[in-house]
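The residues making up each chain are set out below.
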Amino acid sequence: MSDQYPQRILPKVALRGWIEQLLASYRLVGPVADTETVTSYRPLGPERMPCLSGPRPAVSPKPYLLPQTESLFTFEGSGPALALSATAPDATPTVVFGVRPCDARALKRLDDVFLGRTERDVHYESRRQATVLVGLACATPSWGCFCTSVGGSPAGTEGLDVLLTDLGDRYHVAVLTLAGETLAGAAGTVGATADDTEAARVRHGEAEARMPALFDLEAAVQHVRWDAPPWARVAERCLACGACSYLCPTCHCFDIQDEVTPDGGVRFRCWDTCQFGEFTRMGAGHNPRPTQTERARQRVSHKFKYLVDEFGRAGCTGCGRCVERCPVNIDIRAILREFAGEGR
Amino acid sequence: MQALEQAIRDKARALLASGQVRLVLGYQAGSVPFRTAPAFVRVPEEADCLVWNPFCTNNLAVYLPSAARAGGQVAVVAKGCDARSIVTLIQEHQVPRDRVVILGVPCTGMADAARLTGGDGSLHGIAVTWDGEGTLELSDAVGERSVAVRDVLQERCRFCEHNTPTLADEMLGDAAPAMPGAAAPFAAVEVLADRPVDERRAYWRAQVERCIRCYACRAACPACYCRTCFMDKAAPCWASKANTADENWMFHAGRAFHLAGRCVECGECERVCPMGIPISALNRMLDREVRERFGYTAGLDPASVPPLGTFRPEDPDPGSSEER
């Protein structure tokens, strides 16, 4: 935990006041129950406070940084009179409130790709720079969670500006960055005592103790290979839907499409996934990944080999959404255990 | 060892050992105790991986068209809903009748794992055992408890009218008792259907706005076997890949109409939806229409012809100008 900024305490009765204060200057998004069983990050408002208990939301906050559909430019007219106009990057000041450590860490993985060494994606960059992340330490793991197996923690701070820890009637507020200090300074907080900080540390330890690592990440990464046995076995029952990719906080592949009307149109990008056969099908019909076997290999290898080779970090933060929402119980943890030589 | 599970293993082993089938589709233990996974068993020695319990939720008929195309005979463990899907696949010439051996299992309903969560809303670390009858023993951080399967049924199972398969080459067990909501299968959707049209439109718009177009519903649906879905066609482009409520509605409404008179209400579409969209309500509304208009229930008789796959001059025509 950073010692650069003072540790604070926010009484729960002051939470609403803080959020209302933030709403005056920011778009706030946070966990909200869509249905009895599905919680997603949705825009908050005076009538819609975040749900800050229970396991992590069923859907990640990825859409606020990488929307499922976004315009790149629009065009009017045709021929010599064709006029293009670039879509201005979105720079709405945004706070993701109650973001879980796995999801904040996932944004660092998206940064690897979109704010990379050679290319910077202006749309992503604009949103990213305008976004502040107020995290919430996980107290209750969801059944698919495995952050501790991929170098994370239920109380991990990577990517966060603030980390809240629930201490019953109050939150421990760990300020991690200047942006976080700006938010938390306005929160009606008081200074944390050494006991408070110790209480937060105990909570973090309890949460970690509930989820021992399931495999050795380095061993698994070393053994992910092109002709490995799991690919065909996984592909056999894979239904080729996109639930794993679309729920994944780090999956980022997209398609680019034009929507044309007689007077003009829009070029937009939208999520796409290596799990769809169309994803790699060429205009002339050839498909370099002709079956689900190659597609199963792609998703796992991308996260645990190609991104590791490129950026030195795996593209998975162990949020477990793909595990929980796979219609046919394909469990990436079991695949990685197998690669790590720790049984099926 | 529970009798039905043993019967499934014995039958699978015998069919593979005799060479009658090259593949048995069934259920194997999942990665967690409240899930199973589809199993593809090809050698008799692996038949013992097959399981039967209230988590055998997948409709395995979804694998049959491609399995049948690959040649040979395929045996499939089929609950009531799965068997109805197989009937529609036979009717629609996706699976030749003589290529499939239907191992019918009487079903007492599948448990909704989400209803097993303890007070902390999580299934993390939960241990689940089934007594082979109607009770699940649960143990997790909250403590130990037992629940009746009947009390944690998936919604679609409560309303199931054909939990004992209507078509099977071999029945592996006695007929199961009727499900609690079987007498009024449309009770839940009628509540929705009775609301004013503006309300229903707003309701569905809010639902499909949340759709992320992962197409898990389509992928899990045995009746969605088109090799290129209308949603994936680039020319003509029926719908945009842009995620908007209108385009999403195009998908869900289009899919629902394509399934009218064909959907067997296995509910897999809704179970697999990661966004919790009540997709099968659309199908159930159309099923009600088809039953009322044409007196036809999908998936019961392989020799029958689905009403929207045929035409007779005397067919009721509710859309005609005379009836309007």
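Residues numbered from 1 in each chain as written. Chains lettered and ligands numbered in written order. Predicted model: local features only at pLDDT ≥ 70, side-chain atom pairs only at ≥ 80, totals over all residues.

(A) Region of interest: the overall build of chain A. Looking only at helices and strands, one finds eleven helices and twelve strands in chain A. For 344 residues, the compact-globule estimate of 2.2 N^0.38 gives 20 Å, and chain A sits close to it at 22 Å. Contacts in chain A between residues far apart in sequence, at least 24 positions, make up 71% of those at least 6 positions apart. (Helix = DSSP H or I, 4+ residues; strand = E, 2+ residues; numbered from the N terminus. Rg over C-alpha atoms; globule rule 2.2 N^0.38 Å. Contact = placed C-beta atoms within 7 Å.)

(B) Looking closely at the overall build of chain B. Of the regular secondary structure elements, chain B holds ten helices and eight strands. Taken over the C-alpha trace, chain B has a radius of gyration of 20 Å; the compact-globule value for 324 residues is 20 Å, and the two agree within 12%. Counting only C-alpha atoms, chain B reaches 60 × 50 × 40 Å along its principal axes. At a minimum sequence separation of 6, the contacts of chain B that also span at least 24 residues come to 67%.

(C) Spatial organisation of the domain arrangement of chain A. Residue and element names in this part refer to chain A. When the domains of chain A are assigned, the result is domain 1 (8-209) and domain 2 (217-339). Distance between the C-alpha centres of domain 1 and domain 2: 24 Å. Facing the 34 residues of domain 1 at the interface are 27 residues of domain 2. When grouped by side-chain class, the residues that make up the side of domain 1 that touches domain 2 number 15 nonpolar, eleven polar and eight charged. (Domains from an automatic or database assignment. Nonpolar A, V, L, I, M, F, W, Y, C, P; charged D, E, K, R; others polar.)

(D) Representation of the sheet that holds strand 2 (residues 36-41) of chain B. Spatially, five strands are ordered 2-1-3-4-8 (chain B) in an open sheet, and the strand pairing comes out mixed. Either end of the sheet is taken by a strand with one partner, and the two such strands are strand 2 and strand 8 (170-171) of chain B. (Pairing = 2+ DSSP bridges.)

(E) Examining the packing of helix 6 (residues 197-209) of chain B against helix 8 (residues 245-258) of chain B more closely. All names here are of chain B. Two elements in contact, helix 6 and helix 8, have axes whose closest approach is 9 Å; the angle formed by their N-to-C orientations is 100°. In terms of axis orientation, helix 6 runs roughly perpendicular to helix 8. Across the interface between the two elements, Trp204, Arg205, Val208 and Glu209 of helix 6 pack against Ala245, Asn248, Trp249 and His252 of helix 8. When the residues that make up the contact of helix 6 with helix 8 are grouped by side-chain class, the tally is four nonpolar, two polar and two charged. (Axes fitted to C-alpha atoms, helices over the stretch in contact; angles between N-to-C directions. Parallel < 35°, antiparallel > 145°, perpendicular 65-115°, else oblique.)

(F) Structural context of the domain arrangement of chain B. Residue and element names in this part refer to chain B. Domain annotation of chain B identifies domain 1 (3-112 + 153-309) and domain 2 (115-152). For domain 1 and domain 2, the distance between their C-alpha centres works out to 26 Å. Taken together, the contact pairs ten residues of domain 1 with twelve residues of domain 2. Here the residues of the side of domain 1 that touches domain 2 are counted per class, giving six nonpolar, three polar and one charged.

(G) The arrangement of helix 1 (residues 15-23) of chain A in detail. Residues and elements named next belong to chain A. Along helix 1, the residues that are buried comprise Trp18, Ile19 and Leu22. The arc that holds the buried residues of helix 1, viewed along the axis, is 95°, so those residues lie on one side. Next to the buried residues of helix 1 lie strand 1 (8-11), strand 2 (27-33), strand 6 (94-99) and helix 4 (178-184). (Buried ≥ 20, exposed ≤ 12 C-beta atoms within 10 Å, placed from the backbone. Arc of directions from axis to C-beta.)

(H) Looking closely at the nonpolar core. Val134 and Val162 of chain A together with Leu64, Val76, Ile86 and Ala216 of chain B are the most contacted members of the largest nonpolar core, which has 170 residues in total. Those residues in contact with Ile86 of chain B that sit more than four places away from it in its chain are Ala61, Leu64, Ala78, Val95, Val100, Ile102 and Leu167 of chain B. (Core = buried A, V, L, I, M, F, W, Y, C linked by C-beta atoms within 7 Å.)

(I) Geometry of the interface of chain A and chain B. If you look at the interface, chain A gives 36 residues, while chain B gives 32 residues. Residue assignment for the side of chain A that touches chain B shows that the elements contributing at least two residues are helix 7 (230-237), helix 8 (243-247), strand 11 (254-261) and strand 12 (264-271) of chain A. Looking at the side of chain A that touches chain B residue by residue, the classes come out as 17 nonpolar, ten polar and nine charged.

(J) Region of the structure containing the pairing of strand 5 (residues 127-130) of chain B. Residue and element names in this part refer to chain B. Where strand 5 and strand 6 (residues 135-140) come together, four bridges link them in antiparallel fashion. By the bridge assignment, Val128 is partnered in strand 6 with Leu138. Linking strand 5 to strand 6, which pair antiparallel, is a turn of four residues; within it Gly132 sits at a positive phi near 85°.

(K) Highlighting the sheet that holds strand 8 (residues 162-166) of chain A. All names here are of chain A. The strand order across the open sheet built from eight strands is 3-2-6-7-8-9-1-10, with neighbouring strands paired in mixed fashion. Of all the strands in the sheet, the pair left with one neighbour each is strand 3 (39-43) and strand 10 (190-191). Against the sheet, helix 1 engages strand 1, strand 2 and strand 6, with an angle of about 135° to strand 2.

(L) Examining the environment of Asp166 of chain A more closely. Residues and elements named next belong to chain A. Relative to the assigned elements, Asp166 resides in strand 8. When the 17 C-beta atoms within 10 Å are taken as the criterion, Asp166 is described as partly exposed. When the C-alpha positions of Asp166 and Leu52 are compared, they lie 8.8 Å apart, and in sequence the two are 114 residues distant. In this view, Asp166 contacts Ala139 and Tyr171; residues no more than four positions away in its chain are not counted.

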